[in-house]
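A structural walkthrough
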Amino acid sequence: MTAARTLTRTREDLAAFLRKHREKIAPEAVGLPRGRRRRTPGLRREEVAALAGVGLTWYTWLEQGRDISVSATFLDNLSKTLKLDAAERRHLFLLAHQRLPSELGKTWCSVPPLVQTLMDDLPTRPAYILNLRWDVLAWNAAADKLFNFSVHAPERRNMLWLLFTDPAMRLLLLPWEEQVCQMLSSFQRDFARATEDPAIDELVEELTKVAPEFKAWWKNQEVNAPCQGVRHLYLEALGVVAFEHTTLTVDEERHLRLVYYAHKGIDTEQRAFNEWVVG
């Protein structure tokens with residue numbers, strides 16, 4: 001398909017998309033009177049144009065599928081006017097051939113039941129869910145055996161907090177400083193995405209007061225790729241155990257991620273770990 005044909009098709013799709021969503025909005029939903037002479041469902045073009053902050057002629061051309069340029073700011077205003085959800089907003093930007101602006105991150109605090117079922121179906125593979133603030137929202141039995149999440153109060157069940165304040169975590173990670181510095185740099189990526197989330201700011205401020213290492217390392221501003229690779233943990237019953245670990249996105253919009261560990265050793269070592277973790 002030629003570029004011209006692609007542009008024509010998406011302009012037609014954009015026009016249909018706008019008409020459909022304009023007709024779905026009741027005037028009362030945006031603070032407008034319905035009136036007796038309203039012949040079409042939803043909002044009129046002039047009402048959408050006024051609410052989105054553009055001229056009627058310009059908006060009419062857009063809804064007619066004409067080849068006109070649009071800005072990201074206007075598309076954001078239009079998304080709010082038409083009350084589009086996140087998926088619809090992304091689709092609007094795609095149809096308008098605009099790059100979607102990054103959204104400010106927000107902390108989410110619940111996990112779909114199916115995700116918990118998925119983790120529970122991995123009895124010998126430690127796995128847990130983190131949100132943008134690195135709160136540990138859910139875990140399976142294997143992860144609890146390793147990290148003892150369940151013994152901590154819910155308000156302290158935060159991976160970053162545990163890394164710097166839990167003595168057991170210092171003994172578990174080998175070497176502690178190297179691994180914590182790597183994980184802290186990954187957290188700084190998330191911190192940068194959540195510039196308007198007071199919960200993350202509060203976490204950083206509190207750790208700065210109670211953990212000297214955190215205060216010193218936080219200033220380094222070194223940002224690495226997401227944590228993955230090999231991690232060594234010291235387990236009293238087994239000694240030093242190597243795990244491959246990675247992070248998988250569970251819900252991109254809500255910034256929920258699954259951290260997954262798999263034992264990295266010979267068959268006899270894996271059997272010993274499996275027996276320990278389910279014992």
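Everything that follows concerns the structure shown earlier in this document.
These numbers were taken from a predicted model, which means no experiment stands behind them.

Description of unusual backbone geometry
Following Leu174, the chain continues to Pro175 via a peptide bond in cis, the omega torsion being -15°. For Pro175, the location among the structural elements is in the loop between β3 (173–174) and α10 (176–193). One non-glycine residue, Asn148, lies in positive phi territory at about 55°. Residue placement: Asn148 occurs in the loop between α7 (141–147) and α8 (159–165). By relative accessible area, Asn148 is classed as partly exposed at 35%. Of note in this structure, His255 is not a glycine but carries a positive phi near 60°. Take His255: it is sitting in the loop between β5 (239–251) and β6 (256–263).

Looking at the environment of Phe273
Looking at the secondary structure, you find Phe273 in helix α13 (residues 267–278). Judged by relative accessible area, Phe273 falls into the buried class, the value being 0%. For the pair Phe273 and Leu235, spaced 38 residues apart in sequence, the C-alpha to C-alpha distance is 9.7 Å. Discounting residues that sit within four places of it in the chain, Phe273 has contacts with Thr124, Pro126, Leu146, Leu235, Leu238, Phe243 and His263.

Examining the sheet that holds β6
Strand order across the open sheet formed by 6 strands is β2-β1-β6-β5-β4-β3, with antiparallel pairing between neighbours. Two strands close off the open sheet at either side, each with one partner strand: β2 (136–139) and β3. As judged from the 7 bridges shared by strand β4 (residues 229–235) and β5, these two strands associate in the antiparallel manner. In the sheet register, Tyr234 faces β5, and the bridge partner there is Val240.

Describing the packing of aromatic side chains
The tally for this structure, following the rule as stated, stands at 18 aromatic pairs. Note on Trp139 and Phe149: the rings are 5.7 Å apart at their centroids and 55° apart in plane angle, and the pair reads as tilted. Placement of Trp139 in strand β2 and of Phe149 in the loop between α7 and α8 is noted, with a sequence separation of 10 residues between them. Grouping residues by exposure puts Trp139 and Phe149 together as buried. Members of the aromatic cluster, connected to one another through ring pairs, are Tyr128, Trp139, Phe147, Phe149, Phe243, Tyr261, Phe273 and Trp276. Above the plane of the ring of Trp161 lies Arg156, whose end atom (NZ or CZ) is 3.9 Å from the centre. The ring centre of Trp176 lies 4.0 Å from the NZ or CZ of Arg170, which sits over that ring.

With respect to the packing of helix α2 (residues 45–52) against helix α3 (residues 56–63)
Packing of α2 against α3 brings their axes to within 9 Å, and their N-to-C directions diverge by 110°. Taken together, α2 and α3 sit at an angle that is classed as roughly perpendicular. Helix-helix and strand crossings are classified by hand; for α2 and α3 the assignment is right-handed. Where α2 approaches α3, its residues Arg45, Glu46, Val48 and Ala49 are matched on the opposing element by Leu56, Tyr59, Thr60 and Glu63.

The rules behind each value
- Residues numbered from 1 in each chain as written.
- Predicted model: local features only at pLDDT ≥ 70, side-chain atom pairs only at ≥ 80, totals over all residues.
- Heavy atoms only, no water.
- Helix = DSSP H or I, 4+ residues; strand = E, 2+ residues; numbered from the N terminus.
- Buried < 20%, exposed > 50% of the residue type's maximum accessible area, 1.4 Å probe, protein only.
- Contact = heavy atoms within 4.5 Å.
- Pairing = 2+ DSSP bridges.
- Phe/Tyr/Trp six-rings, centres within 6.5 Å; stacked < 30°, edge-to-face > 60°.
- Lys NZ or Arg CZ within 6 Å of the ring centre and 35° of its normal.
- Axes fitted to C-alpha atoms, helices over the stretch in contact; angles between N-to-C directions.
- Parallel < 35°, antiparallel > 145°, perpendicular 65-115°, else oblique.
- Left-handed = near helix turned anticlockwise from the far one by under 90°.

Just geometry here; none of it tells us what the structure is for.
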